[in-house]
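Coordinates in review
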Amino acid sequence: MSKAKKGGQGTPATVALTKAGAEFTLHPYDHDANAQAYGEEAADALGLPYGQIFKTLVAEVDSGLAVAVVPVSGKLDLKAFAAALNSKRAAMAEAVKVERVTGYVVGGISPLGQRKQLPTVVDESALDFETIYFSAGRRGLQIETAPKNLIEATRATTARIAKDG
């Protein structure tokens, strides 16, 4: 894997990985404006298994907003996510609030380079792969990197927070 080229592809997420000295590759694809399932669309466009491409979700927990990174093949287990953050409850955050806090639009939310560093939990299934894919911060662009790079750059913890979709 080589360091990504910056040519017009730079996003706050790629800047964060570059700053961290992490190797990554960018994978652009043609985004369909009518797509509703952004992660599945990316996986299909790039020919990847749904378990290796991760979606970024934001939920409200007792302490405020927090980020969950789970495979597109599954759903976020809100109880497990709350427990991973020592919280009593978790509920999905409203899209408008998520966009305002992260600086990204729904369907292009990256766990990296958000306006405000939020507590982050990465599903432990990410550790099963040499590299994983997740949004680079805009629809139609995915980052491929080692799971440890994502975990270190976001100061995330890992836990089993995904359940079968």
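In what follows, the structure referred to is the one given above.
Now for a look at the structure at hand. Since the model is a prediction, treat every value here as computed from it, not as a measurement.

Here five strands make up an open sheet; going across it, the order is S5-S2-S3-S6-S9 and the pairing mixed. Of all the strands in the sheet, just strand S5 (90-92) and strand S9 (157-159) have a single pairing partner and so form its edges. Put simply, the sheet's adjacent strands are angled 35° from each other on average, direction ignored. As paired elements, strand S2 (residues 54-61) and S5 share three bridges and run antiparallel to each other. Bridge pairing in S5 places Val61 opposite Ala90.

With six of seven residues buried, strand S7 (residues 132-138) is to be regarded as a mostly interior element. Across five bridges, the pairing between S7 and strand S8 (residues 141-145) is antiparallel. Counterpart to Ile132 in the pairing with S8 is Thr145.

Glancing now at the environment of Leu46. Inspection of the secondary structure assignment puts Leu46 in helix H2 (residues 38-46). With a relative accessible area of 24%, Leu46 lands in the partly exposed category. Put simply, Leu46 and Tyr104 are 58 residues apart on the chain and 22 Å apart in space, counted from C-alpha to C-alpha. Residue contacts for Leu46: discarding those within four places in its chain leaves His27, Pro28, Tyr29 and Gln142.

Examined against the element boundaries, Ser87 turns out to sit in the loop between helix H3 (78-84) and S5. Among the residues examined, Ser87 registers a relative accessible area of 13% and is labelled buried. Those residues within four positions of Ser87 in sequence are excluded, and the remaining contacts are Val61, Asp62 and Ala82.

Here is what the cut-offs are and how they apply
Residues numbered from 1 in each chain as written. Predicted model: local features only at pLDDT ≥ 70, side-chain atom pairs only at ≥ 80, totals over all residues. Heavy atoms only, no water. Pairing = 2+ DSSP bridges. Helix = DSSP H or I, 4+ residues; strand = E, 2+ residues; numbered from the N terminus. Axes fitted to C-alpha atoms, helices over the stretch in contact; angles between N-to-C directions. Buried < 20%, exposed > 50% of the residue type's maximum accessible area, 1.4 Å probe, protein only. Contact = heavy atoms within 4.5 Å.

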